[in-house]
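# Architecture at a glance
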Amino acid sequence: MDKRETTNLIKRDQSAVASTIYRYTDIAFQRGQGVYLYDIEGREYLDFVSGIATMNVGHSHPKVVEAICEQAQLLIHGACHIGYMEPYIAMMESIKSVAPGDLKNGKGILVNSGSEAVETALKLARFVKNRPMVLAFTDSFHGRSMGALALTSSSPLYRKNLTGLLSGVYHTPYPYCFRCPLKHDSPDRCGIACLNLVEKALETVVPVEDLAAIIVEPIAGEGGYIVPPAGFLSGLREICDRHDIMLIADEIQTGFGRTGKMFAVEHWDIVPDVICLAKAMGGGLPLGAILGEAEYLDEWPPAAHGTTFGGNPVACRAGSVTLEIIKSENLMQNAEKLGDYIKDKLISLQKDLPIIGDVRGKGLMIGAELVNKDGTPANEIIKEVIKEVASQGVVLTKCGASTIRFAPPLIINEDQLNEGLDIIIGILKKYQW
Ligand code: PMP
């Protein structure tokens, strides 16, 4: 197959774009439609990544395109500090209408990205509580800006040579039960020891009166699509209530229907004090948010925080329409049904395919952790798998060291899912021992 155009583009990229912008595949995308992507040479790919869990309603959904075009004709940018813009307010109202529990009466701020949402939540927590410390978890990803990066702990690569990030951040282990950080053999018997380690930290190194917030991903995303055991998140809620600590849920990857519920905390009936949002929220345009208890947001004085582009009207229109589509096209139900289907299929294959060490996740946020013969993470094999899968027309990435990340658009149907799964499984069958 002729790949000259792609080769030329990659050459241009190499002389103009920094090498730190890593690519999992050599695909040069030109166009997207529904669950499909097309490269500059016209090849079609099934998208199993959704632009990193972002295109929940699929590529170029006609209603999203229409809203973007309509708003672009009216007003592209106004800046939220100069005056009021209806699309900004409507976007916040849309988020509130689907928020869990008391957050339905909350207030929020619109920003441009996930990292910025986390920065905003961090600043809010420290300001309102007037306490300097934040507790986060290992295997977490909260962004790459300096404050958010101080929380992120899914790879040492992100922090190399950057010692001296935000001070006052303390990490305890996330309950990654397949590779238990405490080497327990079953989550049923450990008594959620990871929760006990939070308590231990509060008794030994983190004075509770200095702790502003605990920030947690309800399902660890970049860390490997790790689902915590029942009791972990409710335990954190209880600790936060007991010590008047703000509980911040980072739903940037899990939010907006991805896990089969609007927000992943709903799987455990937890209501955080603040929720961080981005990714799918803008329907593909850069948009993020925090939504928190009104009493907290009301304490932040005018102009203490702000942004030029945050809540850009075009992104807001795309975002409000995206939320409508998630509800009206029953995408959460589809995510739940097809997510269970993927999990069942992969679990049934595990005995014949020992490379699949663990299958986990909720909705269309499913991870299949690949392992070597000795049980170690198959971090070299997974790179080959991603490249091979791409050459057969499926776009895939990993999370954690060696977990295949299944995060297709939530509009995917069973035939499309099977088409991609068959290709992936066919490739995994080459790794037998
Ligand atoms: N939090 C989570 C849970 C994420 O998955 C990500 C991005 N992968 C971020 C924060 C950072 O978002 P962004 O890349 O938009 O800054």
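No experiment lies behind these values; they were computed from the predicted model shown.

### Concerning the sheet that holds strand 15 (residues 403–406)
Strand order in this open sheet of four strands is 11-12-15-14, and the pairing throughout is antiparallel. Edge strands, defined here as strands with exactly one partner in the open sheet, are strand 11 (356–362) and strand 14 (397–399). Strand-to-strand twist of the sheet, defined as the mean angle between neighbouring strand axes without regard to direction, takes the value 30 degrees. Set on the sheet, helix 11 (residues 331–349) makes contact with strand 11, strand 12 (365–370) and strand 15; between it and strand 11 the angle comes to about 165 degrees. Across the sheet, helix 13 (residues 414–428) is in contact with strand 11, strand 12 and strand 15; its angle to strand 15 comes to roughly 170 degrees.

### Overview of the domain arrangement of the protein chain
Domain annotation for the protein chain reports domain 1 (4–57 + 330–428) and domain 2 (63–328). Centre-to-centre separation of domain 1 and domain 2, based on C-alpha positions: 25 Å. In this assembly, 36 residues from domain 1 lie in contact with 33 residues from domain 2. When domain 1 packs against domain 2, the two sides together hide about 2,600 Å² of surface, and 60% of this comes from carbon and sulfur. Of all residues in domain 1, Met-332, Lys-362 and Met-365 bury the most surface against domain 2, accounting for 29% of the area lost on that side. If you look at where domain 1 meets domain 2, you find two salt bridges. Residue Arg-179 pairs with Glu-369 through a salt bridge whose shortest N-O separation is 2.6 Å. At the junction of domain 1 with domain 2, the criterion picks out 18 residue pairs in polar contact (both at pLDDT 80 or more). Taken together, the elements giving at least two residues each to the side of domain 1 that touches domain 2 come down to helix 2 (50–53), helix 11, strand 11, strand 12 and strand 15.

### Some remarks on the pattern of salt bridges
Going through the model one piece at a time under the given rule, you end up with 20 salt bridges. Glu-41 is the salt-bridge partner of Arg-43, the closest N and O atoms lying 3.0 Å from each other. Arg-43 sits in the buried class, given a relative accessible area of 15%. Where Arg-131 meets Asp-244, a salt bridge forms, and the shortest distance between an N and an O atom there is 3.7 Å. Of this pair, Arg-131 sits in the loop between helix 5 (114–129) and strand 5 (133–137) while Asp-244 sits in the loop between helix 8 (232–243) and strand 8 (246–250), and the two are 113 residues apart along the sequence. What makes Asp-244 partly exposed here is its relative accessible area of 43%. Counted as one network, the salt bridges with shared partners bring together Arg-179, Asp-358, Arg-360 and Glu-369.

Rules and cut-offs
- Residues numbered from 1 in each chain as written.
- Predicted model: local features only at pLDDT ≥ 70, side-chain atom pairs only at ≥ 80, totals over all residues.
- Heavy atoms only, no water.
- Pairing = 2+ DSSP bridges.
- Helix = DSSP H or I, 4+ residues; strand = E, 2+ residues; numbered from the N terminus.
- Axes fitted to C-alpha atoms, helices over the stretch in contact; angles between N-to-C directions.
- Contact = heavy atoms within 4.5 Å.
- Domains from an automatic or database assignment.
- Buried area = accessible area lost by both parts, 1.4 Å probe.
- Salt bridge = Lys/Arg side-chain N within 4 Å of Asp/Glu carboxyl O.
- Polar contact = N/O pair within 3.5 Å; in protein donor to acceptor, adjacent residues only side chain to side chain.
- Buried < 20%, exposed > 50% of the residue type's maximum accessible area, 1.4 Å probe, protein only.

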